[in-house]
Amino acid sequence: MNYEKQAAEVLRELGINGLYKGCDFIISGMSFIHENAASYTPVTKILYPEIARQYNTSASCVEKNIRKVIEMIWKDENNREAIEKIFDTCYSSRRPSNLQFLSTLYRHIESREHIRQVYKMLKESVILTCPLSGRQCEVCNEILWMIIHKLY
């Protein structure tokens, strides 16, 4: 799975476009977390310096820019629904720390990928019978999968 692509997609859902440096840092952080799942927790000692090295900047710059993107997401009232969907209600009233944001975002991306895999497997194996004709029905299948896809 392409964690960078998935992270960019989720950030767009949260109203953030790729124009902000912090967005690039968050996206890179998702790949790093995936590759180093056991060692990313000390963000100031491992994650920020690694991202800084990639972008030829400082770890404090990485931290500040990630924090700025998170602040922008939480300040935008149009993001309430997306925030609650992705971050649950525990962060609906207060902004998470950088580590909380990054780890929750990573878990959300992992969860979405799992749902996509289950969705794909089910779509290949489940075929509905039309209630009107009693035969296999592609239209009914497509409607069902569109509904399931919207739910997730």
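Note that the coordinates shown come from a computational prediction; the quantities given were computed from them, not determined experimentally.

### Here's the deal with the packing of helix H2 (residues 21-35) against helix H3 (residues 43-55)
Working step 1: Running from N to C, H2 and H3 cross one another at 120°; their axes reach a closest spacing of 10 Å. Regarding H2 and H3, the two cross each other, and that crossing is right-handed. For the pair H2 and H3, contact is made by Lys21, Asp24, Phe25, Ser28, Gly29, Phe32 and Ile33 and by Ile46, Leu47, Glu50, Ile51, Gln54 and Tyr55, respectively.
Working step 2: Its residues placed into classes, the contact of H2 with H3 shows 7 nonpolar, 3 polar and 3 charged.

### A word on helix H5 (residues 80-87)
Working step 1: Within H5 the residues assigned to the buried category are Arg80, Ala82, Ile83, Ile86 and Phe87. Around the axis of H5, the buried residues are gathered within 165° of arc, so they sit on the same side. Exposed side chains of H5 directed beyond 90 degrees from the buried face belong to Glu81 and Lys85.
Working step 2: One or two steps after H5, the chain reaches Asp88, where phi turns positive at roughly 65°.

About the thresholds
Residues numbered from 1 in each chain as written. Predicted model: local features only at pLDDT ≥ 70, side-chain atom pairs only at ≥ 80, totals over all residues. Heavy atoms only, no water. Axes fitted to C-alpha atoms, helices over the stretch in contact; angles between N-to-C directions. Helix = DSSP H or I, 4+ residues; strand = E, 2+ residues; numbered from the N terminus. Left-handed = near helix turned anticlockwise from the far one by under 90°. Contact = heavy atoms within 4.5 Å. Nonpolar A, V, L, I, M, F, W, Y, C, P; charged D, E, K, R; others polar. Buried < 20%, exposed > 50% of the residue type's maximum accessible area, 1.4 Å probe, protein only. Arc of directions from axis to C-beta.

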